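Each chain, written out:
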Amino acid sequence: MYNTLSTELKDGILEITINRPDKMNALNQEVMQELALAIDEIYTNPGVDAALITGAGQKAFIAGADISEFLSLSPEQGGELAKKGHTIFQRIEESHKPIVAAVNGFALGGGCELAMACHFRVASDNAKFGQPEVNLGIIPGYGGTQRLVQLIGKGKALELMMTADLIGAEEARQLGLVNHVTTQEALLDKTRQLLKKIQSKAPLAISRVIKCVNAYFKMEEEGGFETEIAEFAACFATKDLQEGAEAFIQKRQPQFKGE
């Protein structure tokens, strides 16, 4: 059914695996389109009680976006890209059924943003989290500027986004970005155990808990998300983005000029 995902429904839990291990499971437009279809199944399939999202292999959950796609985009197209990502990730966040990220390895850029859109996160001890977009002359565009602040607070979120530093699994747990840290071997079993415990509770009450917790942030976040989309789009008119993307692809240090 999918080219870039694999899915398995077992005991009411839909396991969605981003399956591009040769590309570190990087998000491209095809992945996003197929992820949207998988999220539709969570919403519409009565046999699905909960879902787990992970990445193929042990090196990466999702190591970011497919940067090669950025080079040809105009600001308008960049804005559309961000809007599509926002729509998909918002559907994850607002799902009335629990969706948990099992993070194995690198969760960078769009990968970190996808993990943060899930209701909570379980990480393997080799996981690394970060929003390193400023290395490319761009900003997080799939909700990262808002959700990272919600989860770890303004000061630390600003530091991570401005320095492009990565943090390990244990620091992520201490900051509140991650709920549990396990070995790589135990990651999926631990996530399944948590979802099975949730499955044993009243499903309508679970959905209302999700709705109420999300409502806590709704008053202020809509303007923030709209600002993120606009500023992400504006990056595509800069020479810095062209330089950052080309340097990334060419595996060299970028020379930014603030243009």
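The notes below deal with the structure included here. (Residues numbered from 1 in each chain as written. Predicted model: local features only at pLDDT ≥ 70, side-chain atom pairs only at ≥ 80, totals over all residues. Heavy atoms only, no water.)

Secondary-structure assignment places Gly 110 in helix α3 (residues 110-117). Residues Gly 110 and Met 1, 109 residues apart in the sequence, show an inter-C-alpha distance of 23 Å. Aside from chain neighbours lying at most four places away, what touches Gly 110 is Leu 27, Gly 64, Phe 89, Glu 133 and Tyr 142. (Helix = DSSP H or I, 4+ residues; strand = E, 2+ residues; numbered from the N terminus. Contact = heavy atoms within 4.5 Å.)

Let's shift gears to the packing of α3 against helix α4 (residues 144-152). Where α3 meets α4, the axes come as close as 10 Å, and the angle between the chain directions of the two elements is 55°. Comparing the axis directions of α3 and α4 gives the class oblique. Our pair here, α3 against α4, has a crossing hand that is left-handed. For the pair α3 and α4, the contacting residues are Glu 113, Met 116 and Ala 117 in the first and Gly 144, Arg 147, Leu 148 and Leu 151 in the second. Each residue belonging to the contact of α3 with α4 can be placed in one class, and the counts come to four nonpolar, one polar and two charged. (Axes fitted to C-alpha atoms, helices over the stretch in contact; angles between N-to-C directions. Parallel < 35°, antiparallel > 145°, perpendicular 65-115°, else oblique. Left-handed = near helix turned anticlockwise from the far one by under 90°. Nonpolar A, V, L, I, M, F, W, Y, C, P; charged D, E, K, R; others polar.)

A word on the layout of surface pockets. The volume enclosed by the largest pocket comes to roughly 650 Å³. Lining the largest pocket are 35 residues, and of these Ala 63, Ala 65, Ile 67, Leu 136 and Phe 248 lie nearest its centre. Those elements that provide at least two residues to the lining of the largest pocket are α3 and α9 (239-250). Per-element accounting of the lining of the largest pocket gives the leading share, four residues, to α9. Among the residues forming the lining of the largest pocket, the class breakdown is 21 nonpolar, eight polar and six charged. Here the second largest pocket is characterised by a volume of approximately 400 Å³. Contributing to the lining of the second largest pocket are 18 residues, with Cys 118, His 119, Phe 120, Val 213 and Asn 214 lying nearest its centre. Taken together, the elements giving at least two residues each to the lining of the second largest pocket come down to α3, β7 (120-124), α4 and α8 (203-235). Here the element with the most residues in the lining of the second largest pocket is α8; it accounts for six residues. (1 Å grid on protein atoms, 1.4 Å probe; cavity = no way out; pocket = protein on both sides within 12 Å on 5 of 7 lines; lining within 4 Å. Points joined across faces, edges and corners; volume = space filled by probe spheres on them.)

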